[in-house]
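Coordinate analysis (summary)
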Amino acid sequence: MASQLNQEFSALNISDVLKKKHVGIVVSEWNKEITNALLQGAESTLKEAGIENINIKWVPGSFELPLAAQYLLEYAKVDAVIAIGCLIKGETPHFHYISEAVTQSLSRLNLQYIRPVVYGVLTVENLEQAEERAGGKLGNKGSEAATVAIKMMQLKEEIHNNNGRKKLGF
Ligand code: RBF
């Protein structure tokens, strides 16, 4: 079943602007069969949009995603970062602590660096729910995260260029 975001994505223009964009992906090794499927989804969606500059960095677990994202934002050339992880509630009593820390920290990076840092972290009850969202019947949330990154980069271009008015000096 195609997700709403992916349906919208088909209507997006593949522009020259997007081809020049650099996107970072930070991805967690925990539940690697899931995160790898999410990564494949994200990568192929970016490539379909014409984005070839993709910098992928693996981290040990979801808790490490915000710092790795910050490394990319600070030390590499990236216009957006996608964070991919999979937290399974049944497997960790730390679930709430880790998911809250990751969510808050990634959220903060968006505003700190004024660039999209997209949340592609599954927070699910069990492995079955994760599989459904990593290329199963509920789509691929990695692909959706890539669509969000593309949309936000386009939004920035649109507002930044301000329909040409800025160039006229008004
Ligand atoms: N990281 C994940 O990405 N997903 C998990 O489901 C997950 N479960 C964990 C369960 C326990 C008990 C611990 C200690 C860590 C877990 N982690 C998980 C790893 C965590 O994100 C981080 O890599 C480590 O805590 C080291 O900072």
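For every chain, the first residue of its written sequence is number 1, and the numbers climb from 1 along that sequence. With the structure being a predicted model, the display of local features is reserved for residues of pLDDT at least 70 and the display and counting of side-chain atom pairs for 80 or more, all residues being used for whole-chain, interface and lining totals. Water and hydrogen atoms play no part in the side-chain values, which are based on all heavy atoms of the structure.

Examining the overall build of the protein
Applied cut-off: Helix and strand definitions here come from DSSP, where helices need a minimum of 4 consecutive H or I residues and strands a minimum of 2 consecutive E residues; each element is numbered from the N-terminal end. Categorising residues by exposure relies on relative accessible area from a 1.4 Å probe, with only protein chains included: less than 20% of the type maximum marks a residue as buried, more than 50% marks it as exposed, and the intermediate range marks it as partly exposed. The contact rule is simple, with two residues in contact once any of their heavy atoms fall within 4.5 Å. The Shrake-Rupley method, run with a 1.4 Å probe, gives the accessible areas here. Residue values count only the displayed protein chains as cover.
Scanning the protein from terminus to terminus reveals eight helices and six strands. When the helices and strands of the protein are listed from N to C terminus, the series reads α-α-β-α-β-α-β-α-β-α-β-β-α-α. Looking at the protein residue by residue over its 170 residues, the buried ones come to 44%. For the protein, the share of sequence-separated contacts (at least 6 apart) that also reach a separation of at least 24 residues comes to 78%. As displayed, the protein offers around 9,500 Å² of accessible surface, 53% of which is attributable to carbon and sulfur atoms.

Section: the packing of helix α3 (residues 32-48) against helix α7 (residues 141-161)
Any two packed helices are characterised by the angle at which their axes cross and by the distance between the axes. What counts, and what does not: Here an angle of 0 to 180 degrees is reported between the N-to-C directions of two axes, which are lines fitted to C-alpha atoms, with helices fitted over the stretch in contact. Handedness of a helix crossing follows the sense of rotation of the near helix relative to the far helix, less than a right angle counterclockwise being left-handed and clockwise being right-handed. Polar here means any residue outside two lists: the nonpolar Ala, Val, Leu, Ile, Met, Phe, Trp, Tyr, Cys and Pro, and the charged Asp, Glu, Lys and Arg; Gly therefore counts as polar.
In the contact formed by α3 and α7, the axes pass within 6 Å of each other and the chain directions differ by 35 degrees. As for how α3 packs across α7, the hand of that crossing is right-handed. Across the interface between the two elements, Leu-38, Gly-41, Ala-42, Thr-45 and Leu-46 from α3 touch Lys-141, Gly-142, Ser-143, Ala-146, Thr-147 and Ile-150 from α7. Of the residues assigned to the contact of α3 with α7, the class counts are five nonpolar, five polar and one charged.

Observations concerning the packing of aromatic side chains
Threshold: Side-chain rings of Phe, Tyr and Trp (the six-membered ring for Trp) are treated as a pair once their centres are within 6.5 Å; stacked means planes under 30 degrees apart, edge-to-face means over 60, and tilted covers the remaining angles. Only lysine NZ and arginine CZ atoms are considered, and such an atom sits over a ring when it is within 6 Å of the ring centre and within 35 degrees of the ring normal.
Within this structure, the stated rule accounts for one aromatic pair. The lysine or arginine in question, Lys-32, covers the ring of Trp-58, its NZ or CZ lying 4.7 Å from the ring centre.

Topic: the packing of helix α4 (residues 65-75) against helix α5 (residues 95-113)
So the rule is basically this: Any angle from 65 to 115 degrees is called roughly perpendicular, while one under 35 is roughly parallel, one over 145 is roughly antiparallel, and all others are oblique.
Two elements in contact, α4 and α5, have axes whose closest approach is 9 Å; the angle formed by their N-to-C orientations is 15 degrees. In terms of orientation, α4 lies roughly parallel with respect to α5. You can see that α4 and α5 cross each other, and the crossing is right-handed. In this structure, α4 uses Leu-65, Pro-66, Ala-69, Gln-70, Leu-73 and Glu-74 to contact α5, whose residues at the interface are Val-102, Ser-105, Leu-106, Leu-109, Gln-112 and Tyr-113. Residues that form the contact of α4 with α5 fall into these classes: eight nonpolar, three polar and one charged.

Description of the pattern of salt bridges
Inclusion rule: Salt bridges are defined by distance alone: a side-chain nitrogen of Lys or Arg within 4 Å of a carboxyl oxygen of Asp or Glu.
Applying the stated rule across the entire model yields seven salt bridges. The partner of Arg-133 in a salt bridge is Glu-132, and the shortest N-O contact between them spans 3.6 Å. Take Arg-133: its relative accessible area is 23%, and that puts it in the partly exposed class. Salt bridges sharing common partners tie together Glu-132, Arg-133 and Lys-137.

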